[in-house]
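A look at the structure
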Amino acid sequence: MLPNSNQSHVAEVLMGGLFQPLTERITPDINPDEIEFQFFPGVREELLSWLTVDEIIFAIEQVSAYLAERMGKSLKEFEALLMSSQCRNNDLAKQIYPFAQVEAKVLQNLGGAYATFAQEILNEQKTDLLYEAKLLIVGEGGAGKTTLAKKIKNPNYKLQQDESSTEGLNVIQWKFPFKGKEFQVNIWDFGGQEIYHATHQFFLTKRSLYVLVADTRKEDTDFYYWLNVVELLSGNSPLLIVKNEKQERKREINERELRREFTNFQETLTTNLATDHGLPEILNKIKHYITNLPHVGIELPKTWVKVREALESNSREYISLEEYLNICDQHGFTKQEDKLQLSDYLHDLGVCLHFQDDDFLIKTVILKPTWATDAVYKVLDNPQVIQNLGKFDRNDLKNIWHENKYANMRPELLRLMMKFKLCYEIPSRPGTYIAPQLLSVNQPDFNWDESNNLIVRYKYDFMPKGILTRFIVEMHSEIEQQTLVWKTGVVLAKDQTRAEVIEHYNQREIKVRVAGNRKKELLAVITNELEKIHNSYERLEYKTLVPCNCEKCKDSQTPYFYERDVLYNSLNERNYQIQCQKSFRMVDVRRLIDDILPTLPNLEVPISEPVTRNQVFISYSRQDQEWLTKLQKHLKPMIRNQNMDVWDDTKIQPGAEWRKEIENALAAAKVAVLLVSPDFLASDFIADNELPPLLDAAEAKGLTIIWIPLSFCSYDETEIEKYQSAHPPDKPLNSLNPAQESKAWVDICKKIKATVPR
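As the structure is a computational prediction, the values presented were derived from the model and not from experiment.

The rules behind each value
Residue indices follow the written sequence of each chain, beginning from 1 at its first position. Given that this is a predicted model, residues contribute local features only at a pLDDT of at least 70 and side-chain atom pairs are listed and counted only at 80 or more, while totals for whole chains, interfaces and linings are drawn from all residues. Only hydrogens and water are set aside; all other atoms, that is, all heavy atoms of the structure, feed into the side-chain values. Helix and strand assignments come from DSSP, with helices taken as H or I runs of at least 4 residues and strands as E runs of at least 2, each series counted from the N terminus. With a 1.4 Å probe rolled over the protein chains alone, any residue whose accessible area is under 20% of its type maximum counts as buried; one over 50% counts as exposed, and the rest are partly exposed. We call two residues contacting when some pair of their heavy atoms lies within 4.5 Å. Accessible surface is estimated by sampling points in the Shrake-Rupley manner with a 1.4 Å probe; for residues, cover comes only from the protein chains shown. Just so you know, the count uses Lys and Arg for positive and Asp and Glu for negative, and it drops His and the chain ends. Salt bridges are defined as contacts in which a side-chain nitrogen from Lys or Arg sits within 4 Å of a carboxyl oxygen from Asp or Glu. For two strands to be treated as a pair, DSSP must find at least two bridges joining them. Pairs were defined over the aromatic rings of Phe, Tyr and Trp, the Trp ring being its six-membered one, requiring ring centres within 6.5 Å. Orientation was assigned from the angle between planes: stacked under 30 degrees, edge-to-face over 60, tilted for the rest. Where helices are involved, their axes are fitted lines through C-alpha atoms of the stretch in contact, as for all axes, and angles between N-to-C directions lie from 0 to 180°. For patches, a residue must show more than 30% relative accessible area and have no salt bridge; joins then use 9 Å for like charges and 5 Å for nonpolar side chains, namely Val, Leu, Ile, Met, Phe, Trp and Tyr. Among buried residues, those of type Ala, Val, Leu, Ile, Met, Phe, Trp, Tyr and Cys that are joined through side-chain atoms within 4.5 Å constitute a nonpolar core.

Some remarks on the overall build of the protein
Of regular secondary structure, the protein possesses 28 helices and 29 strands. Looking at the 758 residues of the protein, the share that counts as buried comes to 49%. The contacts of the protein with a sequence gap of at least 6 include a subset with a gap of at least 24, amounting to 65%. Accessible surface computed for the protein: about 37,200 Å², of which carbon and sulfur atoms make up 48%.

This is the structure:
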């Protein structure tokens, strides 16, 4: 660091009796950078007494600049790390933790504003361990979920003969000793009635333990439904099956088959909740699995813990955002982003609800989640609303939410229902709403012109409940006469064109048929809305089926269907003919695709004009849509400041020539950002269409490739390994806690920005 220093000067300092080693065992092969020293007691104070304040501040600035340069950071970034609320859960912050401690001690001795700044640093360095998790109990109505929840909290609880079924959900806190501290479990007990199935999915969270309770006497538990729902929405959180053997009725479960199909399924446990047989083992197993969840034991700043305790001790159901921010101020928070990051973290843990992605709901922090969920279920369970087939108005809501705890929050609660796609406002009748899951099951009478229809089918490996009701909410303004809608279907009308969308749940299928003057345009809008809903599920597997247009099939309501991905793969291989399995005639693949797209994609390889490379191209798998959204959010300030031009396939407008759009974007890319995951590596489209031109351009030095590890995967088996990773591959983003992940995104975006030409 000093310009004229050498090894003899270092030896003189270390042997001068000023320092003592902190590293316990120093061996010849140890990395010198890993050896830590500290002054003997009193030495630092003596040295500081010889210096002026200006000299001390100058020394701190010089050391900070030196360390920042060694870490590849700017001085501002280094100072931000000193104040990082994630310190010690972040590799870079760990490196500067000792210096942060030294700087704080030095500044404390200077008093005044320096001491205040030092205290902020020390506050951020104080941590506590997170010993808390969420336990979600699911299953059919009457299986014993509520009894199990109560017996977990109190093993001496006696089963009541008239035990009522849970309406909506209950939240119970259970605490037990763990590693000298108290482990807190937030038990979410879900009502099992059919009406609740579609709404529960909004509260199924990652980093949780799931228990599926089955009544062996009834044998009505659909294990595959519940295991699929949990796998789809929980981020592969572990799941236990508890068989409640009422009246000692036994039921065998094919565990081997379930374990082969569902990697998150752990084991089956047996009990009789009337006699408590097997209950101690269940409690021990729950403790084992929940204390071994990945996030348990991570370090959190003590300021976070204090705010959380203040929120939990507050007896109110909700507070304003301003009140929440003031509570954060009172407990040592200084930055707005840290305060919002904490509320987002507590939202994931189920401690409170704070919907930051909604401009209206962000103004309220809901301290008691059941206050909000109870209010929602009061509407869905209301006899008058049920009798009116899901229709209600603001006067109905006044009667339903008449209690004082709801009176001043009716607009927020209604907004919450609309956010969850549980209701929509009838366009021609402001103030009147429909909850589509309460619509009539009977399809209304209507005429349909079956000539020259466009037909598309979606076939699901597993079909979660609620896809169609969410679609109805999204498309409600186009419902024909606002009357042609029922629980499993809807007719839309727009620009002299009609579309019928029907869910066949038992067949795991949604069928769309369109008739009229502008069929392709309306079909494009429908498929776009369904794709958005599909992408909200992390692991949803489905096939899009395209009808044959041969002479035998083209006017048929039951044509032969091709998988859309098979057609695209056929085009990629320059194979333009495919056989219909009804007429056995050969059909043009390009025309099959053209029939469901507004225009025929240009499949010829064009002679391209010279293109200026100035864009950031993002390549990702559709299964990783959630990660793309996060990256877009963090890049937004840079895009807004016109520091970069970013392209991904969400920029493609309905009706555009999507393949041409992608080709143009690839040609204009100066930087390629790859969101790498198992789904990304498994994508044939990415491997065959996006990666080759990117890798070729990188070889020609015309493009920079940066890749982001989303999850553990076999990237080292691909050419991606040769290129720069924006984040350590051994610590992919899905292995981080929310605070670490947020910091990682900030660092990643800075690296992307640094590669973009100015």
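Having seen the model, we can carry on.
Focus on the side chain of Lys 243
For Lys 243, the position within the fold is in strand β8 (residues 239-244). Glu 245 is the oppositely charged side chain nearest to the buried, salt-bridge-free Lys 243, at an N-O distance of 4.6 Å. Leaving out residues up to four positions away in the same chain, Lys 243 has contacts with Ala 214, Thr 216, Arg 251, Glu 252, Ile 253, Thr 268, Leu 269, Thr 270 and Thr 271.

Comments concerning the pairing of strand β25 (residues 615-619)
Within β25, five of the five residues are buried, which leaves the element mostly enclosed by the surrounding structure. Burial of β25 is two-sided: the residues Gln 615, Phe 617 and Ser 619 facing one way and the residues Val 616 and Ile 618 facing the other way are all buried. Judged from the three bridges that link them, β25 and strand β26 (residues 645-647) form a sheet pairing that is parallel. Residue Gln 615 lies in a different strand from β26, and its bridge partner there is Asp 645. Pairing of β25 with strand β27 (residues 669-676) involves five bridges; the strand directions are parallel. If you follow Gln 615 over to β27, its bridge partner there is Ala 669.

A word on the packing of aromatic side chains
Enumeration over the complete set of coordinates arrives at 19 aromatic pairs. Judged by centre distance (5.5 Å) and plane angle (90°), the rings of Phe 178 and Phe 183 are edge-to-face. As far as the burial class goes, Phe 178 and Phe 183 line up, both buried. Taken together, a centroid distance of 5.0 Å and an interplanar angle of 40° make the contact between Tyr 318 and Trp 371 tilted. Of this pair, Tyr 318 sits in strand β11 (residues 318-320) while Trp 371 sits in helix α15 (residues 369-380); the two residues are 53 residues apart in sequence, bridging distant segments of the chain.

Section: the sheet that holds β26
One open sheet accounts for five strands, arranged β26-β25-β27-β28-β29; its pairing is parallel. If you trace the sheet from one side to the other, it starts and ends with β26 and β29 (724-725), each paired once. For β27 and strand β28 (residues 704-709), the ladder comprises six bridges, and the chain directions are parallel. Looking at β28, one finds that Val 676 is bridged to Pro 709. The strands touched by helix α24 (residues 625-640) are β25, β26, β27 and β28; relative to β27, the strand with the most contacts, the crossing angle is about 145°. Contacting β25, β27 and β28, helix α27 (residues 684-699) crosses the sheet at an angle of about 145° to β25.

Observations regarding a nonpolar patch on the surface
A cluster of nonpolar residues, Val 10, Val 13, Leu 14, Met 15, Ile 26 and Phe 37, forms a patch on the protein surface that exposes about 560 Å² of accessible area. Tallying contributions element by element places helix α1 (residues 7-14) first for the nonpolar patch, with three residues.

Observations regarding unusual backbone geometry
For Lys 179, which is not glycine, the phi dihedral falls at a positive 50°. The residue Gln 496 is not glycine, and still its phi comes out positive at about 60°. Within the secondary structure, Gln 496 sits in the loop between β18 (489-494) and β19 (497-504). Looking at Gln 496, the relative accessible area reads 67%, which means it is exposed.

Quick word on the nonpolar core
Membership of the largest hydrophobic core comes to 99 residues, with the highest contact counts inside it found for Phe 392, Trp 401, Phe 471, Ile 510, Val 512 and Ile 526. When residues in this core are grouped by element, the largest group, eight residues, is from helix α9 (residues 223-233). In contact with Phe 392, not counting residues within four places along its chain, are Val 379, Val 385, Leu 397, Leu 414, Cys 423, Gly 431, Thr 432, Tyr 433 and Ala 435. Phe 178, Val 213, Ile 282 and Tyr 289 belong to the second-largest nonpolar core, a separate cluster that totals 30 residues.

These figures come from the coordinates and say nothing about function on their own.
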